[in-house]
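Commentary on secondary and tertiary structure
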Amino acid sequence: MQDRIAAELLEIEAILMDDRLAEEDRAALHGAQQALRNALDPNTWQPASLTFYRLGARPTLAGPAQH
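A few words on the packing of helix 1 (residues 2-16) against helix 2 (residues 23-40). When two helices pack together, their arrangement is given by the angle between the helix axes and by the axis-to-axis distance. Packing of helix 1 against helix 2 leaves a shortest axis separation of 10 Å and a crossing angle of 155°. Considering the angle they form, helix 1 stands roughly antiparallel to helix 2. Both helix 1 and helix 2 take part in a crossing whose hand is left-handed. Along the contact surface, helix 1 presents Gln2, Ile5, Glu8, Leu9, Ile12, Glu13, Ile15 and Leu16, while helix 2 presents Arg26, Leu29, His30, Ala32, Gln33, Leu36, Arg37, Ala39 and Leu40. For the contact of helix 1 with helix 2, a count of residues per class yields ten nonpolar, three polar and four charged.

Below, the structure written as structure tokens:
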């Protein structure tokens, strides 16, 4: 199984080298790459950000709502 995951990682690396790749596809491949690396070695997983974003909005501090 590890050999298949390693082969998939190599294929993803090759695809990411293509400058014509759309940014959305590139982001998806980076996510897949990170998940596969985690499958091989759980210590490679980077912790998630504690900041949440909405599309088109800036992050805000948590606190009482201002009207």
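So much for the structure itself; the text now carries on.
Among the structural elements, Arg37 can be located in helix 2. Judged by relative accessible area, Arg37 falls into the partly exposed class, the value being 38%.

Note on placement: Leu21 falls in the loop between helix 1 and helix 2. Filtering out sequence-adjacent residues up to four positions away, Leu21 remains in contact with Ile15, Leu16, Arg26 and Leu29.

Looking now at the side chain of Gln33. Take Gln33: it is sitting in helix 2. For Gln33, a relative accessible area of 5% puts it in the buried group. Other than its neighbours up to four places away in sequence, Gln33 contacts Leu9, Ile12, Glu13 and Leu16.

Calculation rules
Residues numbered from 1 in each chain as written. Predicted model: local features only at pLDDT ≥ 70, side-chain atom pairs only at ≥ 80, totals over all residues. Heavy atoms only, no water. Axes fitted to C-alpha atoms, helices over the stretch in contact; angles between N-to-C directions. Helix = DSSP H or I, 4+ residues; strand = E, 2+ residues; numbered from the N terminus. Parallel < 35°, antiparallel > 145°, perpendicular 65-115°, else oblique. Left-handed = near helix turned anticlockwise from the far one by under 90°. Contact = heavy atoms within 4.5 Å. Nonpolar A, V, L, I, M, F, W, Y, C, P; charged D, E, K, R; others polar. Buried < 20%, exposed > 50% of the residue type's maximum accessible area, 1.4 Å probe, protein only.

Just geometry here; none of it tells us what the structure is for.
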